Amino acid sequence: VLLFGSGMSALAASVNEVQKQQTETKNRLNEINKSITAIESKRKEVQAQLKGLNADLVETMLTLETLETDIEIKQDEINIAQEELERLQKLEEEQYEAMKLRIQYMYEKGSTDYISMFLEAKSVTELLNRVDFANDVSDYDDVKLKEYQETKDMVAETKAVLEEEQAELEEVQEAQ
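Here the structure is a predicted model, which means the values were calculated and not measured.

What counts, and at which threshold
Residues numbered from 1 in each chain as written. Predicted model: local features only at pLDDT ≥ 70, side-chain atom pairs only at ≥ 80, totals over all residues. Heavy atoms only, no water. Helix = DSSP H or I, 4+ residues; strand = E, 2+ residues; numbered from the N terminus. Rg over C-alpha atoms; globule rule 2.2 N^0.38 Å. Contact = heavy atoms within 4.5 Å. Areas by Shrake-Rupley, 256 points an atom, 1.4 Å probe, with all protein chains shown as cover. Lys, Arg positive; Asp, Glu negative; His and termini not counted. Charge placed at Lys NZ, Arg CZ, Asp CG, Glu CD. Buried < 20%, exposed > 50% of the residue type's maximum accessible area, 1.4 Å probe, protein only. Salt bridge = Lys/Arg side-chain N within 4 Å of Asp/Glu carboxyl O.

(A) Representation of the overall build of the protein in the model. Along the protein, the regular secondary structure elements total 3 helices and 0 strands. Helices (α) and strands (β) of the protein occur, in sequence order from the N terminus, as α-α-α. A globule of 176 residues ought to have a C-alpha radius of gyration of about 16 Å, yet the protein, at 49 Å, is considerably larger. A principal-axis box enclosing the C-alpha atoms of the protein has dimensions of 170 × 25 × 15 Å. Put simply, 74% of the contacts in the protein that link residues at least 6 apart link residues at least 24 apart. As presented, the protein carries roughly 14400 Å² of accessible surface, and 58% of it is formed by carbon and sulfur atoms. Of the charged side chains in the protein, 20 are positive and 40 negative; the average position of the first set lies 10 Å away from that of the second.

Put into structure tokens, the structure is as follows:
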């Protein structure tokens, strides 16, 4: 009986030891499962952040594409304005040269040319025609002077617009 009792006690100690190891193993398994859950949660967080960053990247890329398109459009507008400015400057120069020639002619011929033109008239009709012609020449000079001033104003305005558009383009490029 003693042998049987001591065998039982060894068996009971062995069963207790196995149960103790089983409990420790369960505890370690629970800790490992908690770690796995924490790691999985962290992985999901990182994935969500990555999705957010990808969305931000796509939005930034679209914004850059829009800015590049805006820059191209603005550059085209600047090119057109530059061409218009060059055309207007050429027109202004041509008008200025024509006015210089007209003033030079008037200076060289002087007002005596008008007086002699009126005095040499052979009839009242011819005198009236000459007065009418002098008025037409004067009106023509006034129109040409006005055209020259308008062209000069347009050159200044176009130049200002061109400078403004160039500044806007530089701002967009800096923003990009």
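(B) Structural detail: the side chain of Glu165. Tracing the sequence through the fold places Glu165 in helix α3 (residues 124–175). Although Glu165 lies buried, it forms no salt bridge, and the closest oppositely charged side chain, Lys74, sits 4.7 Å away as judged by the N-O distance. Leaving out residues up to four positions away in the same chain, Glu165 has contacts with Lys74, Glu77, Ile78 and Ala81.

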